[in-house]
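Remarks on the overall topology
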Amino acid sequence: MGKHNEFGKLGEQKAVDFLVKNGYDIKYKNYRYLKAEIDIIAQKGNILAIVEVKSRSSDFLENIAETVNQKKIKLLVSATDYYVTENDLDVDVRFDIITILKKGKQFKLEHLKDAFYYF
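Computed from a prediction, not measured in an experiment: that's the story for all the values here.

1. Section: the overall build of the chain
Looking only at helices and strands, the chain has two helices and five strands in total. Listing each helix as α and each strand as β along the chain from the N terminus yields α-β-β-β-α-β-β. The buried share of the chain, taken over its 119 residues, is 38%. Considering only contacts in the chain between residues 6 or more positions apart, those separated by 24 or more positions represent 52%. Accessible area for the chain stands at about 7,700 Å²; split by element, carbon and sulfur atoms hold 48% of it.

2. Comments concerning helix H2 (residues 70-86)
Under the 1.5 Å per step criterion, the end-to-end length of H2 is 24 Å for 17 residues, consistent within 8% with the ideal 24 Å. Where H2 is concerned, the buried positions are Ile73, Leu76, Ala79, Thr80, Tyr83 and Val84. Projected down its long axis, H2 shows its buried positions confined to an angular sector of 135 degrees, all on one face. Of the exposed residues in H2, the ones pointing more than 90 degrees away from its buried face are Gln70, Lys71, Lys74, Asp81 and Thr85.

3. Thoughts on the pattern of salt bridges
Under the counting rule described, the total for this entry stands at six salt bridges. Close ionic contact of glutamate 12 with lysine 9 constitutes a salt bridge, the shortest N to O distance being 4.0 Å. With glutamate 12 and lysine 9 both in helix H1 (residues 3-21) and three residues apart, the pair spans about one turn of that helix. Taking the shortest distance from any N to any O, the salt bridge between aspartate 25 and lysine 27 comes out at 3.0 Å. Relative accessible area serves as the criterion here: at 40%, aspartate 25 is assigned to the partly exposed category. For lysine 27, a relative accessible area of 39% puts it in the partly exposed group. Within the structure, one salt-bridge network assembled from shared partners comprises Glu52, Lys54 and Lys72.

4. Details of the packing of aromatic side chains
Tallied over the full model, the rule gives three aromatic pairs. Consider the rings of tyrosine 31 and tyrosine 83, whose centres lie 5.0 Å apart with planes at 80 degrees: the pair is edge-to-face. Taken together, the residues span a long stretch of sequence, with tyrosine 31 in strand E1 (residues 25-33) and tyrosine 83 in helix H2 at a distance of 52 residues. Residue tyrosine 83 is classed as buried on the basis of its relative accessible area, which comes to 8%. On the numbers, 4.2 Å between centres and 15 degrees between planes, the contact of tyrosine 33 with tyrosine 82 is stacked. Placement of tyrosine 33 in strand E1 and of tyrosine 82 in helix H2 is noted, with a sequence separation of 49 residues between them. Assessed through its relative accessible area of 23%, tyrosine 33 is described here as partly exposed. The rings of Tyr28, Tyr31 and Tyr83 are connected pair by pair, giving a single aromatic cluster.

Definitions and limits used
Residues numbered from 1 in each chain as written. Predicted model: local features only at pLDDT ≥ 70, side-chain atom pairs only at ≥ 80, totals over all residues. Heavy atoms only, no water. Helix = DSSP H or I, 4+ residues; strand = E, 2+ residues; numbered from the N terminus. Buried < 20%, exposed > 50% of the residue type's maximum accessible area, 1.4 Å probe, protein only. Contact = heavy atoms within 4.5 Å. Areas by Shrake-Rupley, 256 points an atom, 1.4 Å probe, with all protein chains shown as cover. Expected span 1.5 Å × (residues − 1). Arc of directions from axis to C-beta. Salt bridge = Lys/Arg side-chain N within 4 Å of Asp/Glu carboxyl O. Phe/Tyr/Trp six-rings, centres within 6.5 Å; stacked < 30°, edge-to-face > 60°.

Structure, rendered in structure tokens:
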């Protein structure tokens, strides 16, 4: 596995640990539907959080959260719709981004709730 893939998996695990620590129940990691992949599906109360994890070792070029484009949003919405329907869920859905920025040996995590809307 390439170093960037290993770093991505580490970022996703840090996001999972953060969510669990903050009272979320992890329902699924790396959920796939057609061409879409949801990094983390987590639930807290009646909120189903669809979480995109973005990990970087540098924030020089652009804001990490801004790397989620319209195509990715459409894929996430499609996969989420399928997941909610398939599991017959009656929940409010929220799309979040968790950014992981590594500087040296330190990790800075930011949880952006309602990072984008699907309508």
